Amino acid sequence: MTPERFSELVAAYGGSPQRWPENERTAALDFIAANPAQAEAALAPAVELDDLLSRIASQLRTTRSREGSSPRRRRRCGAAPSSSGGVPDWPASDWRARWPGR
């Protein structure tokens, strides 16, 4: 995997290997092992964004559960998508913690 492709992968899918395409995951993890400084430069901002999005999603779930689904809210907002799809609930403050031995 090239540094450019690794950066593209992380920019598109985030800092969590679970979200990377399966056919590129092993190569990306190998890239991390072989190029830790380059990998950290790409992963750090992606992990920060993942954390922010996770916190926002958690706050939205909390707010929605408190508000319930009132008729007024349904009229104003329409059908809202499920908040549980696609957003991880793990904290990602240290990307190294995700890969043992790194």
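The structure presented is a predicted model; accordingly, all values stated were derived computationally and were not measured.

Caption draft 1: Highlighting the overall build of the protein. Of regular secondary structure, the protein possesses four helices and zero strands. From first element to last, N terminus to C terminus, the protein shows the α and β order α-α-α-α. The buried share of the protein, reckoned over its 102 residues, is 26%. Here the analysis covers contacts within the protein between residues at least 6 apart in sequence; of these, 63% occur between residues at least 24 apart. Summed over all atoms, the accessible surface of the protein reaches about 6800 Å², with 54% contributed by carbon and sulfur.

Caption draft 2: Quick peek at helix H2 (residues 22-34). Relative to the 18 Å expected for 13 residues at 1.5 Å per residue, H2 spans 19 Å between its end C-alpha atoms, a close match to the ideal helical length. Those residues of H2 that fall on the buried side of the exposure criterion are Glu24, Ala28, Phe31 and Ile32. For H2, the arc enclosing every buried residue in end-on projection is 95°, short of the 170-degree limit, so these residues lie on one face. Away from its buried face by more than 90 degrees, H2 exposes Glu22, Thr26 and Ala34.

Caption draft 3: Region of the structure containing the environment of alanine 12. Residue position: alanine 12 is located in helix H1 (residues 3-13). Judged by its relative accessible area of 57%, alanine 12 falls in the exposed class. Sequence spacing of alanine 12 and alanine 46 is 34 residues, and the spatial spacing of their C-alpha atoms is 9.3 Å.

Caption draft 4: View of H1. Among the residues of H1, Phe6, Leu9 and Val10 are the ones counted as buried. With its buried residues spanning 95° around the axis, H1 presents them on a single face. Opposite the packed face of H1, turned more than 90 degrees from it, sit the exposed residues Glu4, Ala11 and Ala12. One or two steps after H1, the chain reaches glycine 14, where phi turns positive at roughly 90°.

Caption draft 5: Looking closely at the nonpolar core. Of all hydrophobic cores here, the largest spans eleven residues; its members are Phe6, Leu9, Val10, Trp20, Ala28, Phe31, Ile32, Ala39, Ala42, Leu43 and Ala46. Among the secondary structure elements, those contributing two or more residues to this core are H1, H2 and helix H3 (36-67).

Caption draft 6: The arrangement of the packing of aromatic side chains in detail. Tallied over the entire structure, the rule returns two aromatic pairs. Judged by centre distance (6.0 Å) and plane angle (80°), the rings of phenylalanine 6 and tryptophan 20 are edge-to-face. Highlighted residues: phenylalanine 6 in helix H1 and tryptophan 20 in the loop between H1 and H2, separated in sequence by 14 residues. Owing to a relative accessible area of 0%, phenylalanine 6 belongs among the buried residues under this scheme. Overall, tryptophan 20 belongs to the buried group, its relative accessible area being 2%.

So, how was this worked out
Residue numbers run consecutively from 1 along every chain, following the written order of its sequence. In view of the model being predicted, local features appear only for residues whose pLDDT reaches at least 70, and side-chain atom pairs are presented and counted only at 80 or more, with totals across whole chains, interfaces and linings using the full set of residues. Note that the side-chain values use all heavy atoms of the structure and ignore hydrogens as well as water. For the purposes of this entry, the term helix denotes a DSSP run of H or I that reaches at least four residues, the term strand denotes a run of E that reaches at least two, and both are numbered from the N terminus. Exposure categories follow from relative accessible area, calculated using a 1.4 Å probe and restricted to protein chains: below 20% of the type maximum is buried, above 50% is exposed, and the middle band is partly exposed. Contacts are residue-level and defined by heavy atoms, with any inter-residue pair within 4.5 Å sufficient. Note on areas: Shrake-Rupley, 1.4 Å probe, and residue coverage restricted to the protein chains presented here. Expected helix span is taken as 1.5 Å per residue step, with the number of steps being one fewer than the number of residues. What the arc measures is the spread of directions leading from the helix axis to the C-beta atoms. Residues enter a nonpolar core if they are buried and are Ala, Val, Leu, Ile, Met, Phe, Trp, Tyr or Cys, with the set joined through side-chain atoms within 4.5 Å. In this analysis, rings of Phe, Tyr and Trp, with Trp reduced to its six-membered ring, are considered paired at centre separations within 6.5 Å, and the interplanar angle assigns stacked below 30 degrees, edge-to-face beyond 60, and tilted for intermediate values.

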